[in-house]
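The lines below spell out each chain.
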Amino acid sequence: MIQIGKTLISEAIIDNEFACNLSACKGECCVAGDSGAPLDPEELTILETIYPKVKPFLRPEGIAAIEAQGTHIMSDFEEPETPLVEGKECAYVNFTENGTALCGIETAYRAGEIDFKKPVSCELYPIRVQKLTELHAVNYDRWDICSDACTLGKSLEMPVYKFTKNALIRKFGEEWYAELEQAVEEINT
C-alpha cells in the first residue's frame, strides 16, 4: 500500500494493466451488477440540476425509473448511487443499435448540453474508492466482464493508474497524482 495524504492506494493499480475495450464488452459494467454507480455527495445536486438536459438522451425506461425513484437513490448502506431500471441496468444508460451501453450523461456532455461528464466513480472504473474512518482506500476492482480490458491494457502496457489518470486527477487533484507518479517511480527503481 502507498499512502498519499488521506488515501491508501493499493499497488494493484500499478501492477495491473487495463484499457477499456468497449467494442468487446459493449459497456457491460453499466448493465451488470446489482446496484447503481456510487455517487459523491456533491454529485447529487449536479444530477438534479442537469437532469432536464440529460433526459432527451435517455431511453423511456430510464426516464421512468428516474422519475419514479429520483435522480439518485440511497443504497442499503445509506450510500448514494444511480437508480436502476427494474433492478438491472443504470437508469442513465442508453444503447446503440449494436447493443453497446453508453452513458446518457456523457452523451449529453459530448453534445455540449452540460459541463458534467459523468459520475466520477464511472470515470474511475476499474478503481473503486472506499471511505474508511479517516482515509480513503483506492483499490483495483477486478471483474470478469473486464477481461478484454485487461488483455488490451496488457498489450498497450497501460497500468490501471495511467488509464484512469484524468479521473484520479478529477477526484484527488494534480498534486496528488504527481505524488502517485513519484511513488511509482520509486517503487520501480
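Since the model is a prediction, treat every value here as computed from it, not as a measurement.

**Q** Looking at this structure, how should I read the overall build of the chain?
**A** Counting secondary structure elements, the chain contains 10 helices and eight strands. Radius of gyration (C-alpha) of the chain: 17 Å, near the 16 Å computed for a compact globule of 189 residues. Along the longest, intermediate and shortest principal axes, the C-alpha atoms of the chain span 55 × 35 × 30 Å. Classification of the 189 residues of the chain by burial places 41% in the buried group. For the chain, contacts bridging at least 24 residues in sequence account for 65% of all contacts bridging at least 6. When the accessible surface of the chain is totalled, it reaches about 10500 Å², and 50% of it is carbon and sulfur. The averaged location of the 33 negative side-chain charges in the chain is 3 Å from the averaged location of its 17 positive side-chain charges.

**Q** Looking at this model, I keep getting lost on the sheet that holds strand β8 (residues 136–140). Mind explaining?
**A** What links the strands of a sheet is backbone hydrogen bonding, and the strands pair in either a parallel or an antiparallel sense. Read from one edge to the other, the open sheet built from four strands follows the order β1-β2-β8-β7, with strand pairing classed as mixed. Edge positions in the sheet fall to β1 (2–4) and β7 (127–131), since each has one partner strand and no second. Looking at each pair of strands side by side, their axes are set apart by 25° on average, direction ignored. When strand β2 (residues 7–9) meets β8, the two strands line up parallel, connected through three bridges. Among the inter-strand pairings, I9 is bridged to a residue of β8, identified as V138.

**Q** I would appreciate a short explanation of the nonpolar core in the present structure.
**A** Across soluble globular proteins, you tend to see nonpolar side chains buried next to one another. Formed by 25 residues in total, the largest nonpolar core has its most connected members in I9, I13, Y161, L168 and L180. Among the elements of the structure, β1, α1 (12–15), α6 (120–124), β8, α8 (160–163), α9 (165–172) and α10 (174–188) are those that each provide at least two residues to this core. Sorting elements by how many residues they give to this core places α10 first, with five residues. Counting 19 residues, the second largest nonpolar core, distinct from the first, contains A91, C103, A108 and F116.

**Q** How do you make sense of the pattern of salt bridges when you look at a structure like this?
**A** Should their charged atoms come close, side chains of opposite charge can pair. Following the criterion strictly, the structure yields 10 salt bridges and no others. For K55, the salt bridge goes to E67, with nearest N and O atoms at 2.9 Å. Taken together, the residues span a long stretch of sequence, with K55 in the loop between α3 (41–54) and α4 (60–69) and E67 in helix α4 at a distance of 12 residues. On the basis of relative accessibility, which here comes to 32%, the residue K55 falls in the partly exposed class. Put simply, R110 and E106 hold a salt bridge, and the shortest N to O gap is 2.6 Å. Of this pair, R110 and E106 both sit in helix α5 (residues 104–110), four residues apart, roughly one helical turn. In the salt-bridge network here, residues are joined through shared partners; they are E43, K117, E123 and R170.

**Q** Hey, could you run me through the packing of α9 against α10 in this one?
**A** Axis angle and axis distance: for two packed helices, these are the angle between their axes and the distance between the axes, and together they describe the pair. For the pair α9 and α10, interaxial distance at closest approach is 7 Å and the crossing angle is 125°. Looking at the two axes, α9 sits oblique to α10. Between α9 and α10, the residues in contact are K165, L168, I169 and F172 and E174, W176, Y177 and L180, respectively. Class assignment for the residues of the contact of α9 with α10 results in six nonpolar, no polar and two charged.

Cut-offs used in this document
Residues numbered from 1 in each chain as written. Predicted model: local features only at pLDDT ≥ 70, side-chain atom pairs only at ≥ 80, totals over all residues. Heavy atoms only, no water. Helix = DSSP H or I, 4+ residues; strand = E, 2+ residues; numbered from the N terminus. Rg over C-alpha atoms; globule rule 2.2 N^0.38 Å. Buried < 20%, exposed > 50% of the residue type's maximum accessible area, 1.4 Å probe, protein only. Contact = heavy atoms within 4.5 Å. Areas by Shrake-Rupley, 256 points an atom, 1.4 Å probe, with all protein chains shown as cover. Lys, Arg positive; Asp, Glu negative; His and termini not counted. Charge placed at Lys NZ, Arg CZ, Asp CG, Glu CD. Pairing = 2+ DSSP bridges. Axes fitted to C-alpha atoms, helices over the stretch in contact; angles between N-to-C directions. Core = buried A, V, L, I, M, F, W, Y, C linked by side-chain atoms within 4.5 Å. Salt bridge = Lys/Arg side-chain N within 4 Å of Asp/Glu carboxyl O. Parallel < 35°, antiparallel > 145°, perpendicular 65-115°, else oblique. Nonpolar A, V, L, I, M, F, W, Y, C, P; charged D, E, K, R; others polar.

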